[in-house]
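Coordinate analysis (summary)
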Amino acid sequence: MDAQDPTPPVVREVDEGGTMPVAGAPRADDSQPGRRSRRHSRRQRSRRIWGLRLATKLMLVGLPLALILVPWVSFALLDWMEDSIVQLQSNNQKGIAENIASLFHGEAELFDDLPTDPSEAGLVARSIAKPVRLNAQASEWGDEALVQRRFGPEGDGSFTLSLGTRLGVLYAYMEITDDVRVYRDQNVLRLDNADQVRISFLKTDGDQGRITVTLSESGDTTAYTMDSDWAFADPGRPANDVRGFVRETATGYALEMRLRLGLLGSRQFFTVSFVDVDEVTRGIRAVTTTAPSADQSSNLLVVRSPELLRRLDGRGYQGMLIRIVDAQEQKRAERGALRVGDGSTPSSTGLSRVLVWLDFVRDKAAAVRDWVWQGLTGEQWSVPQLDLEALGIEEEVVAAALAGESTAHRRRVGDIETILAGHPIWRDTDQADGPPDVIGMVWVEQNIDDILFFQRQALNEIAVISVLSFVVVFLSLVLFAGRLTWRIRNLRREVAAAIDEYGRLQATALTGGMTAGDEIGDLARGVSNMLARLDQHNTFLQRMPRTLRHEINNPLNTVMTSLDQLAREVRDVAESKYLESARRGILRIGAIVQNLADAANLEESLQSEDLDVVDIRALMDSYVSNCRTVHKSHSFVFRGPPGPIPANVADYRIEQMLDKLIDNAIDFHRANSPIRIQLDAHRDSMQITVANRGPMLPPDVAGSLFESMVSRRASAGELHFGLGLYVVRVIAEQHGGSVRAMNLTDGSGVAAMVRLPLAEASAQAPRPVEQAAAGR
């Protein structure tokens, strides 16, 4: 081991310039410029172009069809069907209104039964929209119906009264001011000795009706039919047609009661009075009444006509609200009611009933349903709420019908959606001069929740099916796209593996996808045919140097022999300088052909080499000694570990590889600078480093130094074909190793490194160098 220079060279990568020492070896970056450049060139050739992948494109094509187009068309069809059904229902209700109106054409006297001006009446009963529960609070009446009117001077004995009607029942709500409450004595038969409310009216038979409602502590009240003196009950038992509830207040009483409108006669004279009794004497202190005078009863404006009601009875229109409105827009008669659901959830049909587990899917489908519904209708999908324009639509229908026009509109009231139709009632349909007068209109309103329920049920089913379709299509596309991309990637990997990093064919045909009948199979077969043709062409090119060697050497030998013969026969020619030039040219041509043939046959010959376990330390020590003998004008420094380094190699090929490295180092080294050869052993590999001081490697050529026909020598007087380092690479790779070149870290030169695997521990002991040489 030579100890002239104890300092090992330090190298760095050409491109990065960073320093990374290698243990026991010249300090070098783990990366290899040759490999790095080849990887860079492969990245350049296979650089990924960013864009939508095939699977993404399939998703973009399939998912809109499954998730958007199909439900959109279905929802649009359902929306059109809803409009058509609603229009048919509107026409049907207009027809019903026209039929009912025909019952009252020319019947003006029916509308004269009640006063036309509400201000002429003493009392007005307004319609109550919701069911009423008697609790002395009037909480269900609504602002429209709860209109209170005061009777009597404000103070003790006065009261306020509100009247309302609903479904043939008259409701009354009173707030009575009474400083001292006097309740009925249950042991006394007389009823006029306690605070009470009296109701007087005209019966249907024309007789006078008298009912007393006794007041007590908070609770249900009792009503009695009274005699003409209002003293005793007649016939002594409660009147069940009148029910009420009384509640004590801070100022007196609050009373809410009801009675059947059927008790009242056609004129419907009606009076309500409060009788205030003295607590001590039990005598009547004061009577506050709604009548204008003691001998005159108030006229109750219920805005209902018994004859109109009678004619509406039995028409057979179920689930409809039918009203008769006069020319002053007062309701004269009302029959029927809007059908309101009981709030229970209808049992689902079809898919939702069979597949109970789809509840979760339904929840997820709601988002799709809401979005598509809003896109189609412009409305939010939700439970119908009160429409602020409902009253406006009602007024519009009434006004249009009273103007002589039959019309129908869709509106929403509370939690239900209805169709409201109106048709005019004519005073005289036979008059000849001008259009007949309108004396009223028929109001027909029907709940269309059935239509909306079936539509929404269908929408729910479509939403569920859409979500299921989306899941099925998505999974199908994922599987199909995954299978497709897997086949394409396999084909790409197989095609990439068919050509190595140096552009040499490694396979002459493909194996995957060759039997597929689709476009990918066509592509695989096309690439396989292309590889087969490339293999034929490469085989021709590989055989070309050997063929040329035989074909060119024969004429060269003939020319060389002719020149020698000419020189012997003609003295002037023998002494001519041109003869020597011709000989050098012939030798150069022969060397070119020989080098090309050797390079072409190198890989083939290496594959058939017999490998032996050789001590690389001893081989290199002997080789460097020979170099000092052959190249006396150059200085060589060798460093290596003290013990043997076994490797399974062809030793003369290792020497051939070292020849190329030493020749390259001699050509580029700086004059009077030593050429350093170093051997380092690692855990499972060894590294041979040849470094020289001299010009550095340009970054653009570091990766191509070990390719064939690449040379960086500037001298034109010597024969160089760029095959030396190519031979180094081929020998190293055939022995399972690698080669790289990099600049020294101090920028003073270049180092070439060859890494080879060590022999396995079970391999035989390394042969001495002498035996290896003898074996050659």
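Residues numbered from 1 in each chain as written. Predicted model: local features only at pLDDT ≥ 70, side-chain atom pairs only at ≥ 80, totals over all residues. Heavy atoms only, no water.

This part covers the overall build of the protein chain. The helix and strand tally for the protein chain stands at 14 helices and 27 strands. For the protein chain, buried positions account for 41% of its 776 residues. In the protein chain, 66% of the contacts between residues at least 6 apart in sequence involve partners at least 24 apart. For the protein chain, the accessible surface area stands at approximately 41000 Å², while carbon and sulfur atoms represent 52% of it. (Helix = DSSP H or I, 4+ residues; strand = E, 2+ residues; numbered from the N terminus. Buried < 20%, exposed > 50% of the residue type's maximum accessible area, 1.4 Å probe, protein only. Contact = heavy atoms within 4.5 Å. Areas by Shrake-Rupley, 256 points an atom, 1.4 Å probe, with all protein chains shown as cover.)

All right, on to helix α11 (residues 616-630) then. Across its 15 residues, α11 extends 21 Å between first and last C-alpha, which sits within 8% of the 21 Å expected from 1.5 Å per residue. For α11, every residue scored as buried is listed here: Ile-616, Arg-617, Leu-619, Met-620, Tyr-623, Val-624 and Cys-627. Take α11 and look down its axis: the buried residues cluster within an arc of 155°, on one side only. Among the residues of α11, the N-terminal cap falls to Asp-615, whose side-chain oxygen and the backbone nitrogen of Arg-617 are separated by 3.1 Å. (Expected span 1.5 Å × (residues − 1). Arc of directions from axis to C-beta. Polar contact = N/O pair within 3.5 Å; in protein donor to acceptor, adjacent residues only side chain to side chain.)

Looking now at the nonpolar core. Core analysis: the largest hydrophobic core is formed by 39 residues, its most contacted members being Met-620, Ile-677 and Val-754. In terms of residue count, helix α12 (residues 651-668) provides more of this core than any other element does, seven residues in total. When sequence neighbours within four positions are dropped, the list of residues in contact with Val-754 reads Met-657, Leu-661, Met-686, Gln-687, Ile-688, Val-728, Ala-732, Ser-738 and Val-739. Counting 30 residues, the second-largest nonpolar core is a separate cluster that includes Met-174, Val-197, Val-246 and Phe-274. (Core = buried A, V, L, I, M, F, W, Y, C linked by side-chain atoms within 4.5 Å.)

Let us now look at empty space enclosed by the protein. Take a probe with the size of a water molecule and roll it over the atoms, and the empty space left behind shows itself. According to the stated counting rule, one finds two cavities of 30 Å³ or more in the structure shown. Taken as a whole, the second largest cavity spans an internal volume of roughly 30 Å³. Surrounding the second largest cavity, Leu-170, Tyr-171, Ala-172, Ile-199, Met-257, Arg-258, Leu-259, Phe-270 and Val-272 form its lining. Of all the elements in the fold, those that place two or more residues in the lining of the second largest cavity are β5 (169-177), β12 (252-260) and β13 (270-277). Here the residues of the lining of the second largest cavity sort into eight nonpolar, no polar and one charged. (1 Å grid on protein atoms, 1.4 Å probe; cavity = no way out; pocket = protein on both sides within 12 Å on 5 of 7 lines; lining within 4 Å. Points joined across faces, edges and corners; volume = space filled by probe spheres on them. Nonpolar A, V, L, I, M, F, W, Y, C, P; charged D, E, K, R; others polar.)

Here we come to the packing of aromatic side chains. Across all of its chains, the model carries two aromatic pairs by this definition. When the ring of Tyr-183 is compared with that of Tyr-253, the centres are 6.3 Å apart and the planes differ by 75°; the resulting orientation is edge-to-face. Of this pair, Tyr-183 sits in the loop between β5 and β6 (196-202) while Tyr-253 is found in strand β12, placing the two residues 70 residues apart along the sequence. Positioned above the aromatic ring of Trp-443 is the side chain of Arg-323, whose terminal nitrogen or guanidinium carbon lies 4.7 Å from the ring centre. (Phe/Tyr/Trp six-rings, centres within 6.5 Å; stacked < 30°, edge-to-face > 60°. Lys NZ or Arg CZ within 6 Å of the ring centre and 35° of its normal.)

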